[in-house]
Number of protein chains: 4
Amino acid sequence: MIIVLKPEATESEAREILDHIAALGLRPLHMPGTERVVLGAIGDERVLGSLHLEGYPQVESIQPILAPYKLVGRELHPHDTIVRIGKVSVGGEGFTVVAGPCAVESLDQLRDTAIAVQKHGAHALRGGAFKPRTSPYSFQGLALEGLQFLAEVSREVGLPVVTEVVEVADVDAVARHADALQVGARNMQNFRLLQALGHCGKPVILKRGMAATIQDLLLAAEYIVSEGNPNVVLCERGIKTFETATRNTLDLNAVPFIKSRSHLPVIVDPSHGTGLRELVGPMARAAAACGADGVMIEVHRDPAHALSDGQQSLYPEQFSALMKGLRSIVEACGRTL
Amino acid sequence: MIIVLKPEATESEAREILDHIAALGLRPLHMPGTERVVLGAIGDERVLGSLHLEGYPQVESIQPILAPYKLVGRELHPHDTIVRIGKVSVGGEGFTVVAGPCAVESLDQLRDTAIAVQKHGAHALRGGAFKPRTSPYSFQGLALEGLQFLAEVSREVGLPVVTEVVEVADVDAVARHADALQVGARNMQNFRLLQALGHCGKPVILKRGMAATIQDLLLAAEYIVSEGNPNVVLCERGIKTFETATRNTLDLNAVPFIKSRSHLPVIVDPSHGTGLRELVGPMARAAAACGADGVMIEVHRDPAHALSDGQQSLYPEQFSALMKGLRSIVEACGRTL
Amino acid sequence: MIIVLKPEATESEAREILDHIAALGLRPLHMPGTERVVLGAIGDERVLGSLHLEGYPQVESIQPILAPYKLVGRELHPHDTIVRIGKVSVGGEGFTVVAGPCAVESLDQLRDTAIAVQKHGAHALRGGAFKPRTSPYSFQGLALEGLQFLAEVSREVGLPVVTEVVEVADVDAVARHADALQVGARNMQNFRLLQALGHCGKPVILKRGMAATIQDLLLAAEYIVSEGNPNVVLCERGIKTFETATRNTLDLNAVPFIKSRSHLPVIVDPSHGTGLRELVGPMARAAAACGADGVMIEVHRDPAHALSDGQQSLYPEQFSALMKGLRSIVEACGRTL
Amino acid sequence: MIIVLKPEATESEAREILDHIAALGLRPLHMPGTERVVLGAIGDERVLGSLHLEGYPQVESIQPILAPYKLVGRELHPHDTIVRIGKVSVGGEGFTVVAGPCAVESLDQLRDTAIAVQKHGAHALRGGAFKPRTSPYSFQGLALEGLQFLAEVSREVGLPVVTEVVEVADVDAVARHADALQVGARNMQNFRLLQALGHCGKPVILKRGMAATIQDLLLAAEYIVSEGNPNVVLCERGIKTFETATRNTLDLNAVPFIKSRSHLPVIVDPSHGTGLRELVGPMARAAAACGADGVMIEVHRDPAHALSDGQQSLYPEQFSALMKGLRSIVEACGRTL
C-alpha cells in the first residue's frame, strides 16, 4: 500500500503511521519527496484495513497495490472454476445458454416457452417468480406458486432451472425448487442476501449492479464465496450510462477483464443489456466472441402479451435463429454449444 | 399515453391496439402521419400498464404523458408534507440537521459524538448499527448492540435517532430502537424492504440509489407510501458518474426538481455526496441554498480512528463551524436552523 | 411531434400553438386529456424546429416522432453505403482492418510498423500526425512532417492511409496526404471542422465523442453529409462511464443499433475502447460478431517505447494473432477478412 | 511516481526501469513486496512522462503522486487569481453575474435583453454569435454580424461582453469585439483553439466539457496559461450522466474542489447545468453558497420565441427575482453582489 501525505504533514505524523504499519507486521517504507512525503507498506496490505488510514487528516490519498478480493481472484486460484447447475457445466469447454421468460406468468406460459427453448437447444431454463419492479403498480410475480411451476416444468422438459431470489427469508424455498439462485442487479450489494447465499448449497448467478464497477462485482462474489459457497457465476447485464437508445450499456469489456482477474465463469445477459429484441442476437454473438462462458436470454411464447420485459423478449423462432447464429461463433472460438 | 408504431405496422394492428385502449375505458386516438402512425390514449393511462404495449412487435416506442407515481406526486397532493422524527419536524419552516458517526463503534464513541453534535445544534442523531460494506473484510457494524447504544444515547442527549435498516427481518428491531429508519442507497430498490417499511409505523429516510433516476427514487417512495406509511423523507446523496475526484457526484439539481414534483421533504447528505471532509461544509450550504429541507452529516469524535468513512467525517470543531456557516444561509433563505 | 402542455395551460394558449403548427403546413391535433392537454403535429415535423416550442412557458415537454437526421438515416436511403478508402471498400462483404501506430514518431518507426501490419493482413494504415493530448506537456505529434511520412510509407507498402485532422486550417494539407480523414472523439462536435470536411473530397472516419449519444453521432455525420460529402464511416470507440478498470466503456450495443437506423458503415476501435493491450483482441472479435464493418487497431513496432498510448498498442506478433482469431469469427459471420 | 510491476516481471526488468529513472535525475526506489514489486521515483515526476512507462509490458499500473498541471495549481501559486473582464473583476470579493441571451438573434433582441439585465444588476453581457448546435438544421448564429451587435450594445449599456469562439480562424475577430472569449463545453479539448487563446490578449472563460473530469478541465486551462495567457475563468456547466430529468447534472462538488486545488476563479452556468428555467434560480443560489465566484445566466426578452435554449432562458422579471434571491445568499457568504 502506498500512502501519500498532504504537503503540511509533519515528520512525527509520518512516523506515527509507519509505527502502526510495523506493528501490524508489515515492512514500513519512508519516501520523502520534493513536494510530498510518500509512505509504503510491504506485505499483505489487506490487514491495513484495520488502520483506516483514509480517515487521517494528514493523508492525501491511499493507493492499494493488491486487489481487495482474494478468494475469487486468480492469484491464489489460477485455474478456471467450473460451476455445475443441475447436469449442466458452466465455465468449461461448452458455451451455456440459459433461456426462458422474464417472469413465470402461468403454468401453460412457462411450459410452452420451456418446450420451445429446449427444442432449440437451451441448456437451462430461466423464469422469475419474485420480480423486483421499479413501480409498485407493475406485476410482481407469482411467488411460491411460480417456484412450483418452475420445478414442475423443469422435470417435464428435463432442463435445470435458474430463478431469482430477492430476500433472505425466501432463500430456502427458492433453493428447494431451483437448481441455481440468481441475484438481480438491484440486489448485487444486498450483503445479507449474499451472506445467506453463501450457505444455500446451490450455485449462484450473480448479476452486476447497474452502478457497480467490476471490482464491486468481484467483492460481492467474495461475500458469497467467503461464506462457504464456491459456486458463483458472474453475469454482465449492462450498466447505467448517459446513452438512452438502449435500456442499458452492455459492458462487454468486462468479460475478458474479469476472466483475466478471476477464475469464476462469466455469462452475459444481452436481453437486459440492450432492452431491444433486435439487438439480443448480435450481442449474444459478441458475448461468445469475447470469451463469455454463456448467455442468458429472455424468450416468451408470445412477447406481445408478456407481463414484463416484452420488448426485449424473443419469439421462439427468433430464439431458434439466435441459436444458429451463435453456434457458428462459438465453434469459431473453439468451444461447443 | 402516446404510442408510436413502426413504419411497417398495418392498419389492423393499429386497430387492435385502439380496441384494447377503448376496452380499458380510455379514449383512443388514431393519428396517421406521413411516416409513422401514432396512437393516443386519453384518460388515466396508468391502467394501460396491464396491456404491456411495449412488448408488441409493431410498437416502436411508448411515451407516457403522466408521471408513473401518484401518491408521492404533487398533482393529487399539492401541499408540502411535514414528517415528524421524534419531536423534530422535517419539511416545514425549519431546516433539519441530522448528525453523528457513520457507524456506531462503541457506547463511548457514540456518546461523545452525540454530545458534541447536540451541543453544536444538531436536531437528530445518526449512526449505523448494520453497515453495508463493499468488502466482506470491512467492519460490518455492531448490529443489535449498536441499536441498544443508539437508544440509550438518544435518551441521554435528548435527540431522536435515525439508523439504517438493511433487511426485512430487522425492521421490527430497528423500529423499536430508532425514531426513523433509513434505507441506504444500495437498498433503494430492495422492494421487499420498502414494502415492509410501509407497515413499520415509523418515518423512513429513503436515500437515492447510485444509479437511480429521480423517477426511480419517487417510485421507490411510492412503494412505501402505497403500503400505508406516508412519512417518507427523500435523501439526495450523490450518484455514480465518470468523475473520480469526489466519491460521488452530488446531484443538487434533484432538490428543486423533486420539490416541484413531489410533496415529500428532501434532505441532502454531503458526506457521501462528496466523500471528502473539506467539501462537506460548502455542499451543505449549497443544499440549503437550493431549497433542501435539511442535511445529514457524518461527524466523529476522532475521524482518524473511525472504523468507516473517516475521510468524510468531520471533527466536532469542523461541525461547529459548519453549523455557523449554514445558519447564515438558512436564514438568508427565510428559514430557521 | 407530440407537445404536452402544463396543467395550468389555457385553452387559448393551446390554440395559439395549434395555429402555428397549421401555418407551417402540418396537421394540428388537439387531445384534451383528464390531467393534461396534449397537442400533435402530423407531417414532416422537422419544420417545427423554427417554432422553438420548447421555450414556451406552458409547454411541459416535446416528444419528436421522427429521427432528427435525414440523410444518414435508413428511411430515405435503405441500402448500405459502401465507402472507398483508396482501393479498400468499407461496408460491403469484406471486414476492414485499419492498423498502425497511435502517433507517427519517425519515418523508421512508421515504416517498420506499416510493414508489419501489411504483412499480417491489415487493409489500411493509421497513424496520427496531429495528436490531441489531454496535457500540454505530452508529445503533440510531428504535424506536417508526419503527414509526409504517412504519404511516403503508404506508397512504399501499398496501403491507403487514415489520419486525424484537428483543425479547419489543416483540412487541405491532410486531404492531400491521406486517403481518409479521421475526426477524433474530442472533435466530434467541432461543427466547423465537420462542415469543412463536407467539402474535402475524401472520405471521413467520424469517431463517437466520449459523451455523445448515438443520436449525437448521427447528427454529427449529418453535418458532413449535408455539406456534400456522403463518404462517412462511423467509429465506436468507447464512452465515459463510472467504470475505471478500462479506459473507456466500449459500447458495442451501438453497432447493431446504428446499423438498423443508418446506412453508413460502422467500425470499432477496441484500442481506445478498452485502453488495455490484452483486451484488444477479444473486443475486436466481439465487434466482428455483432456486425461491425471493420476495426481500427493500434500497433507499434515497440510499444514499450511508444510516445503515446503504449499500454493499448499491440506488439506486431500480437497483431498477427489477433488477425488469426478475427478471421474465424469474420468467416463465421459470412464475411471475408 | 509509483510504478507497480506485474507478478511475472523479472529483477532485470525492474532494474532497467530504475536505471531510466536515475538517468532522468530522480531518485529511484525499489520496493520488492510479497506479491508485487513496486518501484518509486522521487523528484519532479513530470519529467518521467518522456519514459512512457505505461507502455512497458511488465508495468501493471502507474500512480502519479503530483498533479499533472503546474501553472493553474495552487502549489506554485497559492493566492487567488483575479481576472478582469473589461472593468469587472472575477474572483475577488465580489460575486459576478454574466447574463444575456443564449444567441444574438437581432440587434433589437440583444439590446432589449441587455437593457433588462443591466437594470437588474448584471455585471457583464453574454450572447452567442457563433452557435455550436447538435443538429445542422438548427439556427447557427449571426456570426460576424452578431459580434458587431454585441460590441454596439456593449457600448450602449456599459456592460463588458462575453461571447463564444469556436474556431482558431475567428479568434482575432472575436477578440476585437468582445471583452472575454468563451470556450464552450464541446471545444474544451479543442487544443489548437486553446493554444490560440493563449495568445489572444483577452481573458478566457473555459467551460467544462460534458465528459471532462475536473483534472481534464484544469489541464485544458493549463494549455491556455502555458501559452502565455494567465486570465482564465473556469466554468462548471453540468456533465453527462444517466439522469434525464435535467439536461445535464450540475456538478457543484467541482466548485469547492477546484478552489482547493487551483487559484483560478470558478463560475457556474445553471442554465445549461439544469436546462430547466425553474431550476436556474435555486442552482444559482447553490453556486454562490458553495463558493463560486459568479454565475452565467441565460435571459431572453421573450423566451417563448428564442431561437435556441428557450426552455432554460429566464424572462426578465424572473432574472430580477433571481438577483434578489442571490443577493441575500451572496451577502450571507460575506461577499458582495
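Reference entry: report on the structure contained in this document.

Calculation rules
- Residues numbered from 1 in each chain as written.
- Chains lettered and ligands numbered in written order.
- Predicted model: local features only at pLDDT ≥ 70, side-chain atom pairs only at ≥ 80, totals over all residues.
- Heavy atoms only, no water.
- 1 Å grid on protein atoms, 1.4 Å probe; cavity = no way out; pocket = protein on both sides within 12 Å on 5 of 7 lines; lining within 4 Å.
- Points joined across faces, edges and corners; volume = space filled by probe spheres on them.
- Nonpolar A, V, L, I, M, F, W, Y, C, P; charged D, E, K, R; others polar.
- Least-squares fit on C-alpha atoms with pLDDT ≥ 70 in both.
- Contact = heavy atoms within 4.5 Å.
- Axes fitted to C-alpha atoms, helices over the stretch in contact; angles between N-to-C directions.
- Helix = DSSP H or I, 4+ residues; strand = E, 2+ residues; numbered from the N terminus.
- Parallel < 35°, antiparallel > 145°, perpendicular 65-115°, else oblique.
- Left-handed = near helix turned anticlockwise from the far one by under 90°.
- Buried area = accessible area lost by both parts, 1.4 Å probe.
- Salt bridge = Lys/Arg side-chain N within 4 Å of Asp/Glu carboxyl O.
- Polar contact = N/O pair within 3.5 Å; in protein donor to acceptor, adjacent residues only side chain to side chain.
- Buried < 20%, exposed > 50% of the residue type's maximum accessible area, 1.4 Å probe, protein only.
- Pairing = 2+ DSSP bridges.
- Right-handed = clockwise from strand over helix to strand, strands pointing away.
- Expected span 1.5 Å × (residues − 1).
- Phe/Tyr/Trp six-rings, centres within 6.5 Å; stacked < 30°, edge-to-face > 60°.
- Lys NZ or Arg CZ within 6 Å of the ring centre and 35° of its normal.

### Comments concerning empty space enclosed by the protein
Going through the model one piece at a time under the given rule, you end up with 10 cavities of 30 Å³ or more. Each pocket or cavity is described by its volume, and for the largest cavity that value is around 270 Å³. A185(C), R186(C), A185(D), R186(D) and M210(D) are the residues nearest the centre of the largest cavity, which is lined by 19 residues in total. Looking at the lining of the largest cavity, its residues break down into 10 nonpolar, four polar and five charged.

### A closer look at the relation of the copies chain C and chain A
With an axial shift of 0.0 Å and an RMSD of 0.0 Å, the rotation relating chain C to chain A amounts to 180°. Expressed as a symmetry operation, the mapping of one chain copy onto the other fits a two-fold axis. By C-alpha distance to the rotation axis, the residue of chain C lying nearest is A286(C), at 2.0 Å. When the interface residues of chain C are mapped onto chain A, 100% of them are again interface residues, pointing to one common binding face.

### Re the packing of helix 9 (residues 277-289) of chain A against helix 7 (residues 254-261) of chain C
Axes are the key here: two packed helices are described by the angle between their axes and the distance separating the axes. Where helix 9 of chain A contacts helix 7 of chain C, the two axes come as close as 9 Å, and the packing angle between them is 130°. One element, helix 9 of chain A, and the other, helix 7 of chain C, form an angle in the oblique class. Remark: the crossing between helix 9 of chain A and helix 7 of chain C carries right-handed chirality. Contact with helix 9 of chain A, carried on its side by E278(A), L279(A), P282(A) and M283(A), involves P256(C), F257(C) and R261(C) of helix 7 of chain C and no other residues of that element. Within the contact of helix 9 of chain A with helix 7 of chain C, the residues separate by chemical class into five nonpolar, no polar and two charged.

### Examining the interface of chain A and chain B
In this assembly, 48 residues from chain A lie in contact with 48 residues from chain B. When chain A packs against chain B, the two sides together hide about 3900 Å² of surface, and 50% of this comes from carbon and sulfur. Scanning the region where chain A abuts chain B turns up four salt bridges. The residue R192(A) makes a salt bridge to D170(B) at a minimum N-O spacing of 2.8 Å. Run the count over chain A and chain B and you get 19 residue pairs in polar contact (both at pLDDT 80 or more). Mapped onto the side of chain A that touches chain B, the elements with two or more residues apiece are helix 5 (191-197) and helix 6 (214-226) of chain A. Here the side of chain A that touches chain B takes five residues from helix 6 of chain A, the largest share from any one element. By residue class, the composition of the side of chain A that touches chain B is 21 nonpolar, 15 polar and 12 charged.

### Describing the pairing of strand 12 (residues 232-236) of chain C
Residues and elements named next belong to chain C. Burial within strand 12 is extensive, with five of its five residues counted as buried. Here strand 12 shows a buried face lined by V232, L234 and E236 and a second buried face lined by V233 and C235. The sheet contact formed by strand 11 (residues 204-207) and strand 12 spans four bridges and is parallel. In the sheet register, V204 faces strand 12, and the bridge partner there is V232. Since strand 11 and strand 12 lie parallel, the crossover through helix 6 (residues 214-226) that links them has a hand, and here it is right-handed. Sheet analysis places strand 12 next to strand 13 (residues 266-268), joined by three bridges and oriented parallel. Residue pairing across strands places L234 opposite V266, the latter belonging to strand 13. Read as a crossover between parallel neighbours, the route from strand 12 over helix 7 to strand 13 is right-handed.

### Focus on the pairing of strand 10 (residues 180-183) of chain D
All names here are of chain D. Across the two faces of strand 10 the burial is the same, with A180 and Q182 and L181 and V183 all buried. Pairing of strand 9 (residues 161-164) with strand 10 involves three bridges; the strand directions are parallel. Within strand 10, the position partnered with E164 by the bridge is Q182. One crossover worth recording links strand 9 to the parallel strand 10 by way of helix 4 (residues 171-177), and it is right-handed. Bridge count between strand 10 and strand 11 (residues 204-207): three bridges; the pairing is parallel. Looking at the pairing, Q182 lines up with I205 of strand 11. After leaving strand 10, the chain enters helix 5 (residues 191-197) and then returns to the sheet as strand 11, a path that is right-handed.

### Quick notes on helix 3 (residues 144-157) of chain D
A turn of α-helix holds 3.6 residues, and therefore any two residues three or four places apart point the same way. All names here are of chain D. For helix 3, which comprises 14 residues, the first-to-last C-alpha distance of 20 Å matches the rise-based estimate of 20 Å (1.5 Å per residue) to within 8%. The complete set of buried residues in helix 3 reads G146, L147, F149, L150, A151, V153, S154 and V157. Of the residues trailing helix 3, G158 is marked for its positive phi of about 75°.

### Here's the deal with the interface of chain C and chain A
Between chain C and chain A, the contact holds 37 residues from the first and 37 residues from the second. Taken together, the two surfaces of chain C and chain A that pack against each other cover about 2700 Å², and 68% of this comes from carbon and sulfur. It is F242(C), E243(C) and N253(C) that lose the most area in chain C upon contact with chain A, and together they represent 23% of the buried surface on that side. There are two salt bridges connecting chain C and chain A. In this structure, the salt-bridge partner of R208(C) is E243(A), at a minimum N-O distance of 2.7 Å. Of the residues in the side of chain C that touches chain A, the class split is 21 nonpolar, nine polar and seven charged.

### Details of the sheet that holds strand 4 (residues 59-63) of chain C
All names here are of chain C. With antiparallel pairing, the four strands of this open sheet are ordered in space as 2-3-1-4. Looking along the sheet, the strands with just one partner apiece sit at the ends: strand 2 (27-32) and strand 4. For this sheet, the mean angle separating the axes of adjacent strands, direction not counted, is 20°. Of the pairings in the sheet, the one linking strand 1 (residues 2-5) to strand 4 comprises four bridges and is antiparallel in character. Following the sheet pairing, V4 is matched in strand 4 by S61. Here helix 1 (residues 11-23) sits on the sheet in contact with strand 1, strand 2, strand 3 (37-42) and strand 4, set at roughly 160° to strand 2.

### Here's the deal with the pattern of salt bridges
Two side chains carrying opposite charge are able to pair once their charged atoms lie near each other. Under the defined criterion, the tally for this structure stands at 71 salt bridges over all chains. Ionic contacts of the salt-bridge type, sharing partners, join the residues D108(A), R111(A), E152(A) and E156(A) into one network.

### Considering the environment of V161(D)
Residues and elements named next belong to chain D. Examined against the element boundaries, V161 turns out to sit in strand 9. By relative accessible area, which is 0% here, V161 ends up buried. With 61 residues separating them along the chain, V161 and G100 place their C-alpha atoms 9.5 Å apart. Here V161 is in contact with L125, L150, S154, A178, D179 and A180, once residues within four sequence places are set aside.

### Structural notes on the packing of aromatic side chains
Aromatic rings considered in pairs are described by the distance between their centres and by the relative angle of their planes. Inspection of every chain in the model, using the stated rule, returns four aromatic pairs over all chains. Their ring planes at 25° and their centres at 4.6 Å tell us that F191(A) and Y223(A) sit as a pair that is stacked. Of this pair, F191(A) sits in helix 5 while Y223(A) sits in helix 6, and the two are 32 residues apart along the sequence. As far as the burial class goes, F191(A) and Y223(A) line up, both buried. Looking at K70(D), its charged tip hangs above the ring of Y137(C), at a distance of 5.2 Å from the centre.

### Points about the sheet that holds strand 14 (residues 294-298) of chain C
Residue and element names in this part refer to chain C. Here eight strands make up a closed barrel; going around it, the order is 7-8-9-10-11-12-13-14 and the pairing parallel. If you compare each strand with its neighbour and ignore which way they point, the axes differ by 25° on average. Note that strand 8 (residues 124-126) and strand 9 (residues 161-164) share two bridges and pair parallel. Looking across to strand 9, one finds that L125 is bridged to V161. Its contacts with the sheet put helix 7 on strand 12 and strand 13, and the angle it makes with strand 13 is roughly 170°. Sitting on the sheet, helix 10 (residues 316-332) touches strand 7 (96-100) and strand 14, and the angle it makes with strand 7 is about 170°.

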